[in-house]
Amino acid sequence: MPRDMTGDELRSYREQRGMNQQALVTWLNERLNRRYDRAKVSRWETGAERIPQTVAAALKDGTEPSGIPAAASRGAPVVFCAANQKGGVAKTTTCVNVAWLLAQAGSRVLLVDCDPQANATVHLGVDPHEQELAKATLTHALKSTRPMREFVVPVCDGAFHLLPASISLAATDRELLRQPNGTLILRAKIGQLAGHYDYIVLDCPPHLGELTVSVLNAADQLLIPTQTELLSMMGIPQLFETIAGVRELVNPRLGVLGILPTMYSPRRVQDEQVMTELRALAESENLRLFSPVKRAADYTKSVMAGRPGLAINPNSAGAESYREIAEALLDLAKEGVRHGA
Ligand SMILES: Nc1ncnc2c1ncn2[C@@H]1O[C@H](COP(=O)(O)OP(=O)(O)OP(=O)(O)O)[C@@H](O)[C@H]1O
Ligand SMILES: [Mg+2]
């Protein structure tokens, strides 16, 4: 009878391969056709539960986790952003939930809060004021020569990482990013993170100023969330112009993943009319129109809980839409659409 694998051995196996607990769970479940979760791995690692022989055997058979290559062999991240200069269209909600789903799929994810309102930071239970006092926000990362990695904090019990924002980012926008080539600083800083993350998610502020242009210069893929009401979609043509400018000057590889209708109420006539217009717009621009996210109180409540809505209720209205987006991003990574590739 072989000796049981110990929790320390499991942890060291995982860490040597640069995997987080979720990545290990995903690999084990695919390989053994099981439904283990991260809490289970945690209990194995602390010794609270015995590690099953089948798990130990899978880990010891010499086959490296193939879908989840070790950190050193992984390439540059896919950089994803949600942009729309209209306020309150669910950019932040989208970034937080997509980051969560990508992490659940076993990816190493960093969410960078690029909005001085710091809504993503607060949504993930991090205090922007404390981060400012600790000089550990995007403002400080952009101005510092210290590595970007020193500014990130784990969120959602370590499921993914956040680079927080605070209100001081508004001044950075005015002072630093408006200097010659200032809108390339974020792109250069993101470049430092190659090899550390599979996905970097950038949350934009609600305007087309230097911060948003910095994000578009740095991104591989852009999603356009829009509320299903007329005023929200009116800004999309202007956003297309900004995208064209960014492609021409700095980032020809910027792709548009699609349009995401949000806060959709199927019984409202206006929402149906806007959906019809969005379908026509998506068709004429040759863009994917994701399934609309219905209006649901879960998302607002989750802000108070400091966690993504889908971490609290994976079956919230709109869960399918957010899964479609995460899957589209996972497919892109498989096809090799990576930052700087
Ligand atoms: N599907 C939904 N149903 C109901 N409320 C939602 C939904 N999605 C997001 N919300 C809520 O709508 C508000 C605006 O969402 P969010 O902050 O994500 O938008 P935003 O585009 O990032 O805003 P801003 O432009 O200010 O950055 C928040 O209170 C959020 O909780
Ligand atoms: Mg926001």
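Residues numbered from 1 in each chain as written. Chains lettered and ligands numbered in written order. Predicted model: local features only at pLDDT ≥ 70, side-chain atom pairs only at ≥ 80, totals over all residues. Heavy atoms only, no water.

*Asks:* Tell me about the site of ligand 1, and please be specific about residues and values.
*Replies:* Taken together, 19 residues are adjacent to ligand 1, and V89, K91, T92, T93 and A296 come closest. Between ligand 1 and the protein, one listed contact pairs an oxygen atom with a backbone N or O atom of T92 at 2.8 Å. Taking A296, its main chain carries an N or O atom lying 2.8 Å from a nitrogen atom of ligand 1. (Near = heavy atom within 4 Å. Polar contact = N/O pair within 3.5 Å; in protein donor to acceptor, adjacent residues only side chain to side chain.)

*Asks:* Please give an account of the nonpolar core that cites residues and values.
*Replies:* Core analysis: the biggest nonpolar cluster contains 47 residues, and V112, L163, I200, L202 and L222 have the highest contact counts within it. The element best represented in this core is helix α13 (residues 236-249), accounting for five residues. Once residues within four sequence positions are removed from consideration, L222 is found in contact with C81, A83, L216, I243, L254, G255, V256, L257 and G258. Ranked by size, the runner-up nonpolar core spans 41 residues in total, among them C95, W100, F160 and A326. (Core = buried A, V, L, I, M, F, W, Y, C linked by side-chain atoms within 4.5 Å. Buried < 20%, exposed > 50% of the residue type's maximum accessible area, 1.4 Å probe, protein only. Helix = DSSP H or I, 4+ residues; strand = E, 2+ residues; numbered from the N terminus. Contact = heavy atoms within 4.5 Å.)

*Asks:* Tell me what's going on with the pattern of salt bridges, and back it up with residues and numbers.
*Replies:* Applying the stated rule across the entire model yields 14 salt bridges. Between E49 and K40 there is a salt bridge, with its nearest N and O atoms 2.8 Å apart. You can call E49 partly exposed: its relative accessible area is 28%. Accessibility expressed as a relative area gives 21% for K40, which makes it partly exposed. The salt bridge involving E324 is made with R288; its shortest N-O contact spans 3.9 Å. Note that E324 is positioned in helix α17 (residues 319-335) and R288 in the loop between α14 (269-284) and α15 (297-305), a separation of 36 residues in sequence. According to the relative accessible area criterion, R288 is partly exposed, its value standing at 41%. One salt-bridge network, in which partners are shared between bridges, spans D8, R11, R14 and E45. (Salt bridge = Lys/Arg side-chain N within 4 Å of Asp/Glu carboxyl O.)

*Asks:* Give a description of the domain arrangement of the chain that names residues and reports values.
*Replies:* Frequently, the measure chosen for interface size is the accessible area that the parts lose on association. Per the domain assignment, the segments of the chain are domain 1 (7-60) and domain 2 (75-335). Computed from C-alpha atoms alone, the centre-to-centre distance between domain 1 and domain 2 is 31 Å. Surface buried jointly by domain 1 and domain 2 totals about 520 Å² across both partners, of which 36% is contributed by carbon and sulfur atoms. Taken as a group, N20, Q22 and R38 account for 70% of the area that domain 1 buries against domain 2, more than any other trio of residues on that side. Summed over the shared surface of domain 1 and domain 2, the number is zero salt bridges. Across the contact surface, domain 1 and domain 2 share two residue pairs in polar contact (both at pLDDT 80 or more). Ranked by the residues each element gives to the side of domain 1 that touches domain 2, the list is headed by helix α2 (residues 21-32), at three residues. (Domains from an automatic or database assignment. Buried area = accessible area lost by both parts, 1.4 Å probe.)

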